[in-house]
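# A closer look at the structure
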2 protein chains.
Amino acid sequence: MKAILLAGGSGTRLWPLSRKNYPKQFLKLNGDSSLLQQTVERLLHVLSPQDIIVMTNDNYLFHVKADLKGVYDNPLIILEPVSRNTAPAISLAVKYCVEKLGSSSDEVIFVSPSDHIIKPVERFTEYIRNAGEIAKEGYIVTFGIRPKRPETGYGYIKVRSEKLEVRNKRYDCYKAEKFTEKPDSKTAASYLEGGNYYWNSGMFAFTIGTILEELQKYAPEIYRNLGGNFEEVVSNFVNMPEISIDYAVAEKSNRVVTLPMDIYWDDIGSWDSIYEVLEKDEKGNVKAGDILNIDTKDTLIIGGRRFISTIGLEGLLIVETDDAILIAKRGEAQKVKDVVNELIKENRKLASEHTTTYRPWGSYTVLEEGNRYKIKRIVVNPLERLSLQVHHHRSEHWVVVKGVAKVKIGDKEIFIHENESAYVPKSTLHMLENPGKVPLEIIEVQNGEYVEEDDIVRIEDVYGRS
Amino acid sequence: MKAILLAGGSGTRLWPLSRKNYPKQFLKLNGDSSLLQQTVERLLHVLSPQDIIVMTNDNYLFHVKADLKGVYDNPLIILEPVSRNTAPAISLAVKYCVEKLGSSSDEVIFVSPSDHIIKPVERFTEYIRNAGEIAKEGYIVTFGIRPKRPETGYGYIKVRSEKLEVRNKRYDCYKAEKFTEKPDSKTAASYLEGGNYYWNSGMFAFTIGTILEELQKYAPEIYRNLGGNFEEVVSNFVNMPEISIDYAVAEKSNRVVTLPMDIYWDDIGSWDSIYEVLEKDEKGNVKAGDILNIDTKDTLIIGGRRFISTIGLEGLLIVETDDAILIAKRGEAQKVKDVVNELIKENRKLASEHTTTYRPWGSYTVLEEGNRYKIKRIVVNPLERLSLQVHHHRSEHWVVVKGVAKVKIGDKEIFIHENESAYVPKSTLHMLENPGKVPLEIIEVQNGEYVEEDDIVRIEDVYGRS
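### Some details on the overall build of chain A
Scanning chain A from terminus to terminus reveals eleven helices and 26 strands. What you see for chain A is a C-alpha radius of gyration of 25 Å, in line with the 23 Å of a compact globule of 466 residues. Dimensions along the principal axes, computed over C-alpha positions, put chain A at roughly 75 × 60 × 40 Å. Relative to its full complement of 466 residues, chain A shows a buried share of 58%. In the form shown here, chain A has an accessible surface area of approximately 19,700 Å², with 46% of it arising from carbon and sulfur atoms.

Structure, rendered in structure tokens:
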């Protein structure tokens, strides 16, 4: 069995914590590990690291690498050249399995989003093993969750009542009859009552043979693009249609079955869900950060670096980051998308970036922007470096506050240590590198008539650097 | 007539905007000028600058100076050596009038807080003139406001029904019968109904002769300390009892009258009052800052530098500063004092300081504090300087981002201009000065094993510098 983890999504429903350039799968919402890390750790109960393929894109590559670093070495990561939704992404990964990993057509593929909460892991892995056995018989297995409320934000699967029999073994698994995306609340309530409806958890299991046959039948415009070798599929990826595996195959194929899972599952798609998921104190408050509550109940408060004080509140969602604060009534968290859409419309960075921007070599945080100057804290990871570059409109002062920097300024190469500084005049070739074993932290003061990120001429072509 | 403005109060009821070191009178809540500036501007309709005495203390001296700078030159400012409430402060100012300004005993003194909103100014000044005439007859005039609601946060004055006749002129002014501080809401409601109760606006008018006689009679422990010359009174100020002019004299003297004022008055003593005072949009929201409201009404939002987004809120108070956020239900703003008390109890700077700290020479703002380093933006006003100093546990890098700095480091004296930098090693004597015409802005990166404010040895004794 191989697993394909989908980690290329750019959801912003958890804004201001999630942003386009820092989406949900990388957030640490319920502990010390990110949702992606938790997803991988669950799978490692069934699979070896070399059987796990993480699908993502350029933008998130260093996030994925950073997250997987502590979990296992040499992760298999495939970059989607452009965003084309799940059907093309999964097809590309299947191509990789066949060509690069030598998978045969009866190898089972387990597909999973990377930003859900699922527990307990023991029962979950048991379901995956069962799904594998069922998939081997030519079925496309979906994983259903018994609805707990008339949720309008999920997809539903209607199933037939007869249990599936596979090789004389009767599984608690049913033929899927109908898929419905995000029903209205009346419909959702009737589904809840009906009893033969399940939430679609977004996970799948099928053999390579099965999915290729069904793609050929129901999504020929994808199948057609899978003809060449892997590198050709990558080059032609842009020609793939933008379509989900649900629409492309699952809703059409008659080989789809649903395996109900009696486990805790949440896609935590809004701050409302997060309130439900996280542990509450005796007053029903979820709290993280530097907080003083007076007469406050049933409220979620996720603080960043500032002190948050509340008085007389009930049923609110409060989320604070370095540059934005969200205060919403509980139950209305879905309107966060309206906030994000407005920010996008106004072309504001708040929709896509945090004050800290992550780069392949580390990160930088804008501490202050003034007229003609900008102050950044730059962190360069051990043995990483920024590209050789020139700025024509600003000079830069660097003060090392931690670690050691190797810097090239003009034709000089020097080392600067903690509490030492260097000056880079305008239009001077320079490079910053961390030759050490610990992260390098420097404070950069930029001065000039123009201090935006696009005053940069990169002399060498180091992919993904800045 | 002289005016005594009380500008030494340290109220924090408008926390997190007001703090112990930046109290309400200096806030710009309803426009471009501070409440102190507005108070002074109102008085300049009746008085000349040289008749206005501002009482404050060391801590607020530079705030007072900065606020008055744009209004008039050479302000008369008296510093209360220690805080002893209003009776000793007023007594000290009266002593000053007699001894330094040559006031006679029949000179009228008008006393006013400096943190109220009063309008329109024309009608207000008419009341002050009338009060002056009444005061000359030996009365202590208080200024009453017809109650608009059963407010429990104010003091009330009960008056007799007969109008006062002064020199054959009948004034709409009444003998005061009883003072009540902050009644409970039932009592406040009965006062509202009674009709012969007024809110005590905290202003007074009396002659020097009258107040000295009444102090002698009802507050001998204050009067006794007024015996020597002004400088002696200052030296002995610490021996004054801590007592308000209301308790010390107004509630006891039978010469107290109340002049009802038919004007707009608010002491804006809480965020609830501020919501009432400020202009609302069509949804009943008061907004200042970078704000996006979705389905939000009857809410006050005072933003600082961050983006604030609200969804589905009603009747809240939201106030955001660089280091703290208050979110309270409207009507419960008085509990802000519980927040401040808790911060004081925990010995946190948040109760007393903003991230920007004002000093006689300018200000500094902590941009970031890390392990072994701290980054500040320092603004030095033209022709001002910091004291000659030494730090034993940190070195400092200075980068000038605006203006020009004259710096002494060890025995060298150099000028550093925009985009230049200087380095001050540990245990090295240094001084920073702005020799120029525009504010000097520098970014300071401190490095060392201890970067707190108290690692400083001041070599010269420049009062109030740092």
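So, next bit.
### Section: the packing of helix α1 (residues 35-43) of chain B against helix α2 (residues 61-69) of chain B
Residue and element names in this part refer to chain B. Across the interface, α1 lies against α2 with an axial gap of 9 Å and an inter-helix angle of 50°. In terms of orientation, α1 lies oblique with respect to α2. Where α1 crosses over α2, the two elements pack in a sense that is right-handed. Contacts from Leu36, Gln37 and Val40 of α1 reach α2 at Val64, Asp67 and Leu68. Residues belonging to the contact of α1 with α2 are distributed by class as follows: four nonpolar, one polar and one charged.

### Description of the interface of chain B and chain A
A common way to express how large an interface is: the accessible area buried when the components associate. Of the residues lining the interface, 55 residues belong to chain B; the matching set on chain A comes to 55 residues. Between chain B and chain A, the buried area comes to about 4,400 Å², and carbon and sulfur atoms account for 60% of it. Taken as a group, Phe307, Ile311 and Ile327 of chain B account for 16% of the area that chain B buries against chain A, more than any other trio of residues on that side. Seen at the junction of chain B and chain A, the total is ten salt bridges. Bridge count between strand β15 (residues 324-329) of chain A and strand β13 (residues 300-311) of chain B: five bridges; the pairing is parallel. Note on β13 of chain B: the bridge partner recorded for isoleucine 325 of chain A is isoleucine 308 of chain B.

### Some thoughts on the environment of glutamine 334 of chain A
Residue and element names in this part refer to chain A. Mapping glutamine 334 onto the fold places it in the loop between β15 and α11 (336-345). When its relative accessible area of 43% is taken as the criterion, glutamine 334 is described as partly exposed. Separated by 14 residues in the primary sequence, glutamine 334 and glutamate 320 have C-alpha atoms spaced 17 Å apart.

### Some points on the environment of arginine 305 of chain A
On the secondary structure map, arginine 305 of chain A appears in strand β13 (residues 300-311). Placed 17 residues apart in sequence, arginine 305 of chain A and aspartate 322 of chain A show a C-alpha to C-alpha distance of 7.0 Å. Looking at arginine 305 of chain A, its side chain comes within polar contact range of the side chain of aspartate 322 of chain A, at 3.3 Å. Engagement of the side chain of arginine 305 of chain A in a polar contact is seen with the side chain of glutamate 368 of chain B, the distance being 3.4 Å.

### As for the relation of the copies chain B and chain A
Rotating chain B by 180° and moving it 0.0 Å along the rotation axis overlays it on chain A with an RMSD of 0.1 Å. A rotation of that kind, with that shift, is consistent with a two-fold axis. In terms of C-alpha distance to the rotation axis, chain B has leucine 367 of chain B as its closest residue, with the C-alpha 3.2 Å off the axis. Same-surface contact between copies: 100% of interface residues of chain B are shared with the interface of chain A.

### Digging into the pairing of β13 of chain A
Residue and element names in this part refer to chain A. With respect to burial, β13 is a largely interior element, ten of its twelve residues being buried. Pairing analysis gives eight bridges linking strand β12 (residues 286-294) to β13, with the strands arranged parallel. Among the inter-strand pairings, asparagine 293 is bridged to a residue of β13, identified as threonine 310. Pairing analysis gives three bridges linking β13 to strand β14 (residues 316-320), with the strands arranged parallel. Bridge pairing in β14 places isoleucine 301 opposite isoleucine 318.

### Brief notes about the sheet that holds strand β18 (residues 373-380) of chain A
All names here are of chain A. Ordered in space as β16-β17-β18-β25-β20-β23, the six strands form an open sheet in which the pairing is antiparallel. At either margin of the open sheet sits one strand with a lone partner, and together these are β16 (356-359) and β23 (421-424). Ignoring strand direction, the axes of neighbouring strands in this sheet form an average angle of 20°.

### Section: the pattern of salt bridges
Within the structure shown, the criterion is met by 56 salt bridges over all chains. Salt-bridge contacts for lysine 426 of chain A lead to glutamate 449 of chain A; the nearest nitrogen and oxygen are separated by 3.1 Å. Remark: glutamate 449 of chain A occurs in the loop between β25 (440-448) and β26 (457-458) and lysine 426 of chain A occurs in the loop between β23 and β24 (430-433); sequence separation between them is 23 residues. One network of salt bridges, with partners in common, ties together Arg305, Asp322 and Arg377 of chain A together with Glu368 of chain B.

### A look at the packing of helix α3 (residues 86-100) of chain A against helix α6 (residues 208-218) of chain A
All names here are of chain A. Remark: α3 packs on α6, axes separated minimally by 11 Å, with the N-to-C direction vectors making an angle of 135°. Between α3 and α6, the interaxial angle falls into the category oblique. Crossing angle aside, the handedness with which α3 passes α6 is left-handed. Across the interface between the two elements, Ser91, Val94, Cys97 and Val98 from α3 touch Ile208, Ile211, Leu212 and Leu215 from α6. Of the residues in the contact of α3 with α6, the class split is seven nonpolar, one polar and no charged.

Rules behind the numbers
- Residues numbered from 1 in each chain as written.
- Chains lettered and ligands numbered in written order.
- Predicted model: local features only at pLDDT ≥ 70, side-chain atom pairs only at ≥ 80, totals over all residues.
- Heavy atoms only, no water.
- Helix = DSSP H or I, 4+ residues; strand = E, 2+ residues; numbered from the N terminus.
- Rg over C-alpha atoms; globule rule 2.2 N^0.38 Å.
- Buried < 20%, exposed > 50% of the residue type's maximum accessible area, 1.4 Å probe, protein only.
- Areas by Shrake-Rupley, 256 points an atom, 1.4 Å probe, with all protein chains shown as cover.
- Axes fitted to C-alpha atoms, helices over the stretch in contact; angles between N-to-C directions.
- Parallel < 35°, antiparallel > 145°, perpendicular 65-115°, else oblique.
- Left-handed = near helix turned anticlockwise from the far one by under 90°.
- Contact = heavy atoms within 4.5 Å.
- Nonpolar A, V, L, I, M, F, W, Y, C, P; charged D, E, K, R; others polar.
- Buried area = accessible area lost by both parts, 1.4 Å probe.
- Salt bridge = Lys/Arg side-chain N within 4 Å of Asp/Glu carboxyl O.
- Pairing = 2+ DSSP bridges.
- Polar contact = N/O pair within 3.5 Å; in protein donor to acceptor, adjacent residues only side chain to side chain.
- Least-squares fit on C-alpha atoms with pLDDT ≥ 70 in both.

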